[in-house]
Amino acid sequence: MPQPVLPLAALPDFNNEVAGLIHGYLFTPDAPPQRLNAREASQLAQQPLADAGFLWLHINLNHARAERWVQGHFNVDDDFFDEIHSASPRTRLAQQNDALLAVLNDVTFSEEERSTQNATLWIWCCPRVIVTARYRPVGMIERMHQRINQLSLHAPDALLLWLLGEQEAQLEQIVRRSSQAVDAIEERLLSAAIKANRSELGRLRRMLLRVQRLLAPEPAALFRLLNRPPQWLRREPLSELRIFTEEFSVALNDLAGLMERIRLLQEEIAARLMEQSNRTLFLLTVITVLALPINIVAGFFGMNVGGIPLAGNPHGFLLLVLVVLVFTLVAGWLALRRPRD
């Protein structure tokens, strides 16, 4: 029986697979975004685009030929791939020749594990082409792809601003959820679960330190870009970048304040644990002091020598118990008495 033949539209595009192209779109002012495959994007790169039109290419760096394909057809600077090969996940935004190079981090917060997962996104942006590259799937790119027909992406800088806004929203979400977790731990601080609270605070602090290390350089990079913007960058994106920089700085300050709050809670828990250990040691010391007279008397009367007192007295045992009790009460009073001011 002959196998059914799939229609042409249902066949996989092996050209995209070889080139490492995940998403390719042509944006024009008066038309919805047009989906492109690798062959169509390569052909458009050789032709002048319409006024205010631009290409967006999102590539998978795990494909061996992705870098060669982008460099061969879209004249991407070598510095862009040098930045990728450096494997530095730190946020960066700088001007290279007539293009913008950006390194963004897609940080997702896991509510169950109180941890974050990071995926780095490299961006090369010029007036007519914007290239985004990644090794691991980036959540904000997929969210943008799902809403691409509803978004007003009329220029490459608008797409870059949308990604920056998503990163800032993720940072605010991490700060908000971490703050909620710290509030819950602070309420449980007086409970008996001090050990669990201490380990959870340590995990939260390590997570926030990692997020701060990844995202803290971004405001400084944005300020440098605002001081020396590319000539093709319009005024409206510059004003939005200035507002975004201020909001991102506020979010980072909130993150630093939350880390300081976690540090104070850790110190409080450490002080409580030390106080509990001191009480335990004090109790053991008191028990040792109270048992000291008994041990001394038992040691003396356990000697196998002659002349042991009260050996022939019928009330010797009661007299010995009375002596030990008196010594124990005196030792207890000396150990438990409060020192005077």
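Rules used in this analysis
- Residues numbered from 1 in each chain as written.
- Predicted model: local features only at pLDDT ≥ 70, side-chain atom pairs only at ≥ 80, totals over all residues.
- Heavy atoms only, no water.
- UniProt positions renumbered as here; feature names shortened; annotations may be inferred.
- Helix = DSSP H or I, 4+ residues; strand = E, 2+ residues; numbered from the N terminus.
- Contact = heavy atoms within 4.5 Å.
- Patch = residues over 30% accessible without salt bridge, like charges linked within 9 Å, V, L, I, M, F, W, Y side chains within 5 Å.
- Areas by Shrake-Rupley, 256 points an atom, 1.4 Å probe, with all protein chains shown as cover.
- Salt bridge = Lys/Arg side-chain N within 4 Å of Asp/Glu carboxyl O.
- Lys, Arg positive; Asp, Glu negative; His and termini not counted.
- Charge placed at Lys NZ, Arg CZ, Asp CG, Glu CD.
- Buried < 20%, exposed > 50% of the residue type's maximum accessible area, 1.4 Å probe, protein only.
- Core = buried A, V, L, I, M, F, W, Y, C linked by side-chain atoms within 4.5 Å.
- pLDDT = per-residue confidence, 0-100.
- Pairing = 2+ DSSP bridges.
- Phe/Tyr/Trp six-rings, centres within 6.5 Å; stacked < 30°, edge-to-face > 60°.
- Axes fitted to C-alpha atoms, helices over the stretch in contact; angles between N-to-C directions.
- Parallel < 35°, antiparallel > 145°, perpendicular 65-115°, else oblique.
- Left-handed = near helix turned anticlockwise from the far one by under 90°.
- Nonpolar A, V, L, I, M, F, W, Y, C, P; charged D, E, K, R; others polar.
- Disulfide = S-S within 2.5 Å.

The protein goes by Magnesium transporter CorA in an unreviewed UniProt entry, where it is assigned to Pantoea wallisii. Taken from UniProt, the Subcellular location (unreviewed entry) comment for the protein reads in full: "Cell membrane".

With respect to the element layout, Trp124 can be found in strand E6 (residues 115-125). Sequence separation between Trp124 and Val103 is 21 residues; the distance between their C-alpha atoms is 9.0 Å. Each residue touching Trp124, except ones within four places of it in the same chain, is listed here: Phe74, Asn75, Val76, Asp77, Phe80, Ala99, Leu100, Val129, Ile130 and Val131.

Quick look at the UniProt feature "transmembrane region" (unreviewed entry) in the protein now. In the UniProt entry, the feature "transmembrane region" (unreviewed entry) is given for residues 281-303 and 315-336. For residues 281-303, helix accounts for 91% and strand for 0%, while the C-alpha atoms at its two ends are 32 Å apart.

Let us now look at a positive patch on the surface. On the surface, a cluster of positive charge is contributed by Arg90, Arg136, Arg210 and Arg213. Positionally, Arg213 belongs in helix H7 (residues 194-215). Given the relative accessible area of 49%, Arg213 is considered partly exposed.

This next bit is on the nonpolar core. Core analysis: the largest hydrophobic core is formed by 49 residues, its most contacted members being Trp56, Met144 and Leu163. Listing elements by their share of this core, those giving two or more residues are strand E1 (21-28), strand E3 (54-60), strand E5 (99-110), E6, helix H5 (139-146), helix H6 (156-187), H7 and helix H9 (235-301). Ignoring anything within four residues of it in the chain, the contact list for Trp56 reads His23, Gly24, Tyr25, Phe27, Ile130, Thr132, Ile141, Met144, Ile148 and Leu159. Membership of the second largest hydrophobic core comes to 27 residues, among which are Leu44, Ile59, Trp69 and Val131.

This next bit is on the environment of Trp122. Here Trp122 shows up in strand E6. Along the primary structure Trp122 and Asn105 are separated by 17 residues, whereas in three dimensions their C-alpha atoms are 8.8 Å apart.

Before going further, it helps to examine the confidence of the model for the protein. On average, the protein scores 76 in pLDDT, and the residues at 70 or more come to 79%. Scored below 50 in pLDDT, residues 1-14 shows three contacts in the model against residues more than four places distant or in partner chains.

Along the polypeptide, Ile308 turns up in the loop between H9 and helix H10 (316-336). Aside from chain neighbours lying at most four places away, what touches Ile308 is Phe301 and Met303.

Attention now moves to the pairing of strand E2 (residues 31-35). Taken together, the three bridges between E1 and E2 define a ladder with antiparallel strand orientation. If you follow Leu26 over to E2, its bridge partner there is Gln34. From the end of E1 to the start of E2, which pair antiparallel, there are two residues.

What follows is about the packing of aromatic side chains. Per the stated rule, a full pass over the model turns up six aromatic pairs. Seen from their ring centres, Trp69 and Phe74 are 5.2 Å apart, and the 75 degrees between their planes marks the pair as edge-to-face. Judged by relative accessible area, which is 6%, Phe74 ranks as buried. Ring plane angle 90 degrees and centroid distance 5.8 Å describe the contact between Trp122 and Tyr135, whose orientation is recorded as edge-to-face. Highlighted residues: Trp122 in strand E6 and Tyr135 in the loop between strand E7 (129-134) and H5, separated in sequence by 13 residues. On the basis of relative accessible area, Trp122 is assigned to the buried category, the value being 5%. With a relative accessible area of 37%, Tyr135 lands in the partly exposed category. Among the aromatic residues, those joined into a ring-pair cluster are Tyr25, Phe27, Phe54 and Trp56.

Helices that pack against each other are described as a pair by the angle of their axes relative to one another and the distance between those axes. Two numbers describe how helix H3 (residues 66-74) lies on helix H4 (residues 78-85): the axes approach to 11 Å, and their chain directions differ by 160 degrees. Classified by the interaxial angle, the pair formed by H3 and H4 is roughly antiparallel. Once H3 is placed against H4, the crossing between them reads as right-handed. Contacts between H3 and H4 involve Glu67, Val70 and Gln71 on the former and, on the latter, Asp78, Phe81 and His85. Tallied by class, residues from the contact of H3 with H4 come to two nonpolar, two polar and two charged.

Turning our eyes to something else, we now look at unusual backbone geometry. At Asn75, a position not held by glycine, the phi torsion is positive, near 55 degrees. Topologically, Asn75 is positioned in the loop between H3 and H4. With a relative accessible area of 63%, Asn75 lands in the exposed category.

The subject of this paragraph is the state of the cysteines. Scanning the entire structure with this criterion turns up zero disulfides. Cysteine Cys125 shares no disulfide, and the gap to the nearest cysteine sulfur, in Cys126, comes to 6.7 Å. Given the relative accessible area of 1%, Cys125 is considered buried.

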